Amino acid sequence: YIKRNIDIGANKSVLHEDLFLHVVDYDKVELVSKLVEGRRRETFIVAEAKLPQIELNRFVEIEKFNIMLQALFIPSKDRDAILKIVGNIKEETVRNTGDDGISQTVVAKTGIARVGDVTLPNPVVLQPHRTFVEIEQPDSEFVFRMKDGPSAALFEADAGAWKNEAMKRIKACLEKELEGIGIAVIA
């Protein structure tokens, strides 16, 4: 939109120097004017990321959890470890054989028919799709838990730091794409 000068070119009274990009949040960017008449800004365009619904901070059925991990998270060592665990949980129960508040041990198949204790990794570092696809998705720490059902959950453990990182990455991407055009980017 900016590079093609779609609306700005038709309105010669507005120049690139009169505009700036505001990274409002991890999923929203606005192209706005400098203050008009010293009181208000004009918004030219708003870009909002269309994001998938990721079920965090609550337990979900194992099959749904497995699909969510495969479809909505970027492959990584921790994601693959969690998939291996949830893919081998017996349907009967998730029996806690140890839980110190940080790590949890559950019963899972370890061979064709053998069942053994497996310690759940915690915290895990994952990259869910939670911002614009054009940027690298930020890493986030999660606490991985399981319970009877069987069901599993990922609880956010980074206090929302991923949002700030996403905004920094969006800003950097826009600055690189618009280098030399003269539009400031703020986040």
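Before reading further, recall that the structure is shown in the block above.
Along each chain, the written sequence defines residue order, and numbers are assigned to residues from 1. With pLDDT at 70 or above as the cut-off, local features in this predicted model cover only qualifying residues; side-chain atom pairs require 80 or more to be listed or tallied, and sums for whole chains, interfaces and linings still use all residues. As a convention, hydrogens and water are excluded, and side-chain values are obtained from all of the structure's heavy atoms.

S.K.: Can you lay out the sheet that holds strand β9 (residues 140-147) for me, pointing to particular residues and giving the numbers?
M.R.: Sheet strands pair by backbone hydrogen bonding; their relative direction is either parallel or antiparallel. On the basis of which strands lie adjacent, the open sheet formed by four strands has the order β4-β10-β9-β8 and antiparallel pairing. Among the strands making up the open sheet, the edge pair consists of β4 (60-61) and β8 (124-126). The pairing of β9 with strand β10 (residues 151-156) spans six bridges and is classified as antiparallel. Looking at β10, one finds that arginine 145 is bridged to alanine 153. Packed onto the sheet, helix α2 (residues 77-87) meets β8, β9 and β10 and runs at close to 115° relative to β8. Two strands are counted as paired when DSSP detects at least two bridges linking them. Secondary structure is summarised from DSSP: a helix means a run of H or I of at least four residues, a strand means a run of E of at least two, and numbering begins at the N terminus for each. We call two residues in contact when some of their heavy atoms are within 4.5 Å. The convention used is that axes are lines fitted to C-alpha atoms, helices contributing only their stretch in contact, and that angles between N-to-C directions extend from 0 to 180 degrees.

S.K.: Explain the packing of aromatic side chains to me, using residue names and the numbers behind them.
M.R.: Two aromatic rings, drawn from Phe, Tyr or Trp (for Trp, its six-membered ring), form a pair once their centres lie within 6.5 Å of each other, and the interplanar angle then sorts them: stacked below 30 degrees, edge-to-face above 60, tilted otherwise. Taken as a whole and assessed by the stated rule, the structure comprises four aromatic pairs. For the ring pair phenylalanine 59 and phenylalanine 155, a centre distance of 5.7 Å and an interplane angle of 70° mean the geometry is edge-to-face. With a gap of 96 residues between them, phenylalanine 59 in the loop between β3 (43-48) and β4 and phenylalanine 155 in strand β10 connect regions that are remote in the sequence. Judged by relative accessible area, which is 24%, phenylalanine 155 ranks as partly exposed. Between phenylalanine 65 and phenylalanine 144, the aromatic rings sit 5.8 Å apart at their centres with planes inclined by 15°, giving stacked as the arrangement. Linking phenylalanine 65 in helix α1 (residues 62-72) with phenylalanine 144 in strand β9, this pair joins segments that are 79 residues apart in sequence. Accessible area is worked out with a 1.4 Å probe on protein chains only. A residue is then buried under 20% of its type maximum, exposed over 50%, and partly exposed in between. For phenylalanine 65, a relative accessible area of 0% gives the class buried. Phenylalanine 144 sits in the buried class, given a relative accessible area of 0%. For the cation-ring pair, arginine 130 lies above tryptophan 162, with the distance from its terminal atom to the ring centre recorded as 3.8 Å. A ring has a charge above it when a Lys NZ or an Arg CZ is no more than 6 Å from the ring centre and no more than 35 degrees off the ring normal.

S.K.: Tell me what's going on with the side chain of aspartate 78, and back it up with residues and numbers.
M.R.: Inspection of the secondary structure puts aspartate 78 in helix α2. Charge assignment in this entry is limited to Lys and Arg as positive and Asp and Glu as negative, and neither His nor the chain termini are counted. In the sections that follow, a salt bridge refers to a side-chain nitrogen of Lys or Arg positioned within 4 Å of a carboxyl oxygen of Asp or Glu. Salt bridges are absent for the buried aspartate 78, whose nearest opposite-charge side chain, lysine 77, sits at 4.7 Å. Residue contacts for aspartate 78: discarding those within four places in its chain leaves Val124, Val125 and Leu126.

S.K.: Just give me the short version of the packing of α1 against α2, but keep the residues and values in it.
M.R.: Interhelical geometry of α1 versus α2 gives an angle of 160° and a closest axis separation of 10 Å. It follows that α1 is roughly antiparallel to α2 by the angle criterion. Judged by the sense of rotation from one axis to the other, the crossing of α1 with α2 is left-handed. The segment α1 lies against α2, with Ile62, Phe65, Asn66, Leu69 and Gln70 engaging Arg79, Ile82, Leu83, Val86 and Gly87. Across the contact of α1 with α2, the residue classes break down as six nonpolar, three polar and one charged. Working definition: roughly parallel below 35 degrees, roughly antiparallel above 145 degrees, roughly perpendicular at 65 to 115 degrees, and oblique for all remaining angles. Handedness of each helix crossing follows the sense of rotation of the near helix against the far helix: counterclockwise by less than a right angle gives left-handed, clockwise gives right-handed. Three residue categories are used. Nonpolar comprises Ala, Val, Leu, Ile, Met, Phe, Trp, Tyr, Cys and Pro, charged comprises Asp, Glu, Lys and Arg, and polar comprises the others, including Gly.

S.K.: Talk me through the pairing of β10; I want residue IDs and the actual numbers.
M.R.: By the bridge criterion, two bridges tie β4 to β10 in an arrangement that is antiparallel. The partner of valine 60 across the bridge, within β10, is alanine 152. In textbook terms, the turn of a hairpin is the stretch between consecutive antiparallel strands, and for β9 and β10 this stretch comprises three residues, one of which, glycine 149, has a positive phi near 145°.

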